[in-house]
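# Summary of the model geometry
This is what each chain is made of:
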Amino acid sequence: MKQEEHNIQVSIVNYLRANNIFCFAVPNGGQRNIIVAKKLKDEGALAGVSDLIILLPSRCIFVEVKTAKGKQQESQKDFQAIIESRGFEYLLWRSIDDAVNFIRSVK
């Protein structure tokens, strides 16, 4: 993950948790050697999975974090389509402001 995207995600997670929102990251990216990559794939790792998952009562929200100019990869678009086709929420956030607006909408 690029540093700017990393910083945005860290800010978002800190803000969500400070507001008692249960969320967790899916550590799907990063450089890995071929042995570790194969193990993770065998364990269920899937290309395109969102960066964060937020759990609210009776609600599961998948969040992809990008920079202001960042674009989704095809695998991320495919994952979004699967999530939405199953009736779940998928959000693309580009700044802490998106998390702030989300908190306002759920409180």
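Analysis parameters
- Residues numbered from 1 in each chain as written.
- Predicted model: local features only at pLDDT ≥ 70, side-chain atom pairs only at ≥ 80, totals over all residues.
- Heavy atoms only, no water.
- Salt bridge = Lys/Arg side-chain N within 4 Å of Asp/Glu carboxyl O.
- Helix = DSSP H or I, 4+ residues; strand = E, 2+ residues; numbered from the N terminus.
- Buried < 20%, exposed > 50% of the residue type's maximum accessible area, 1.4 Å probe, protein only.
- Pairing = 2+ DSSP bridges.
- Axes fitted to C-alpha atoms, helices over the stretch in contact; angles between N-to-C directions.
- Contact = heavy atoms within 4.5 Å.

On to the pattern of salt bridges. Following the criterion strictly, the structure yields four salt bridges and no others. For the salt bridge of Lys-38 with Asp-42, the shortest nitrogen-to-oxygen distance reads 2.9 Å. With Lys-38 and Asp-42 both in helix H2 (residues 34–42), this residue pair falls four residues apart, about one helical turn. When its relative accessible area of 57% is taken as the criterion, Asp-42 is described as exposed. Here Glu-64 and Lys-66 are joined by a salt bridge, their closest N and O atoms 3.8 Å apart.

All right, on to the sheet that holds strand E4 (residues 89–93) then. Strand order in the open sheet formed by four strands is E1-E2-E3-E4, with mixed pairing between adjacent strands. Of all strands in the sheet, those bounded by a partner on one side alone are strand E1 (22–25) and E4. Within the sheet, the average angular offset between the axes of one strand and its neighbour, ignoring direction, is 25 degrees. Helix H3 (residues 74–85) contacts strand E3 (59–65) and E4 of the sheet and is inclined by roughly 145 degrees relative to E4. Helix H4 (residues 96–106) rests against strand E2 (52–56), E3 and E4 of the sheet, and its axis sits at about 140 degrees to E4.

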